[in-house]
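Here is what each chain is made of, one letter per residue.
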Amino acid sequence: FDMGRAGSAAGSMFGRGLYFAESCMKADEYTVSDGQDRCPMLLCRVILGRLKYCDAEFPFDVSEQLEDACDRNKGGNHHAVLGDRQKVRGTFREFIIFDNCQVYPEYLVWYSRVPPLVQKR
């Protein structure tokens, strides 16, 4: 993972890091089909360590402090951020790391989106 590109396209709400989720539905928001209706998703092992918990309603306002909390050069004593959007917005929890040595991409999973079934009444 290239940390130099972190936050360049999407994913800087909690700082410029690598974003992971425990829900595949969150990851699906960021993938694009390959033209054959197949979507790729990386299944990764992530070492989180000591988490900096964030349930701020507007995390952009504290993103620099969250990054600093995980930067040993700035006195930080955390390894990752847990952005609890499930609590704040009812969506998904996100896990953010700022060191690419904390992630191991284990599987590349290809899947197809299936429209939801509509029940007849």
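So, here's what we can say about the structure.

This part takes up the overall build of the protein. Along the backbone of the protein there are three helices and six strands. For the protein, the sequential pattern of α-helices and β-strands runs β-α-β-β-α-β-α-β-β. Each principal axis of the C-alpha distribution contributes one length, and for the protein these read about 55 × 30 × 25 Å. In the protein, 70% of the contacts between residues at least 6 apart in sequence involve partners at least 24 apart. Averaging the coordinates of the 16 positive side-chain charges in the protein and doing the same for the 17 negative ones gives two points 4 Å apart.

Attention now goes to the pairing of strand β4 (residues 80-84). Among the five residues of β4, five are classified as buried, and the element is accordingly described as predominantly covered. Going residue by residue along β4, you find Ala80, Leu82 and Asp84 tucked away on one face and Val81 and Gly83 tucked away on the opposite face as well. Sheet topology note: the strand β3 (residues 51-54)/β4 ladder contains four bridges and is parallel. Note on β4: the bridge partner recorded for lysine 52 is valine 81. With respect to chirality, the unit in which β3 leads through helix α2 (residues 63-69) into the neighbouring parallel β4 is right-handed.

Soluble globular proteins tend to bury their nonpolar side chains together. If you look at the biggest cluster of nonpolar residues, it comprises seven residues: Phe14, Cys54, Leu66, Cys70, Val81, Ile96 and Phe98. Contacts of leucine 66, omitting those with residues within four sequence positions, involve Phe14, Lys52, Cys54, Val81 and Phe98. Grouped together as the second largest cluster of nonpolar side chains are five residues, Leu18, Phe20, Ala80 and Val103 included.

Turning our eyes to something else, we now look at the pattern of salt bridges. Tallied over the entire structure, the rule returns 10 salt bridges. Residues glutamate 29 and lysine 26 are paired through a salt bridge, measuring 3.3 Å at the closest nitrogen-oxygen approach. The buried category is assigned to lysine 26, whose relative accessible area is 12%. Measuring nitrogen to oxygen at the nearest pair gives 2.7 Å for the salt bridge that ties arginine 38 to aspartate 34. Using a relative accessible area of 35% as the deciding quantity, one classes arginine 38 as partly exposed. By relative accessible area, which is 32% here, aspartate 34 ends up partly exposed.

Attention shifts here to the sheet that holds β4. Sheet architecture is open: four strands sit in the order β1-β5-β4-β3, paired in mixed fashion. In this open sheet, the two strands that pair with only one neighbour each are β1 (18-21) and β3. Within the sheet, the average angular offset between the axes of one strand and its neighbour, ignoring direction, is 25 degrees.

Rules behind the numbers
Residues numbered from 1 in each chain as written. Predicted model: local features only at pLDDT ≥ 70, side-chain atom pairs only at ≥ 80, totals over all residues. Heavy atoms only, no water. Helix = DSSP H or I, 4+ residues; strand = E, 2+ residues; numbered from the N terminus. Contact = heavy atoms within 4.5 Å. Lys, Arg positive; Asp, Glu negative; His and termini not counted. Charge placed at Lys NZ, Arg CZ, Asp CG, Glu CD. Buried < 20%, exposed > 50% of the residue type's maximum accessible area, 1.4 Å probe, protein only. Pairing = 2+ DSSP bridges. Right-handed = clockwise from strand over helix to strand, strands pointing away. Core = buried A, V, L, I, M, F, W, Y, C linked by side-chain atoms within 4.5 Å. Salt bridge = Lys/Arg side-chain N within 4 Å of Asp/Glu carboxyl O. Axes fitted to C-alpha atoms, helices over the stretch in contact; angles between N-to-C directions.

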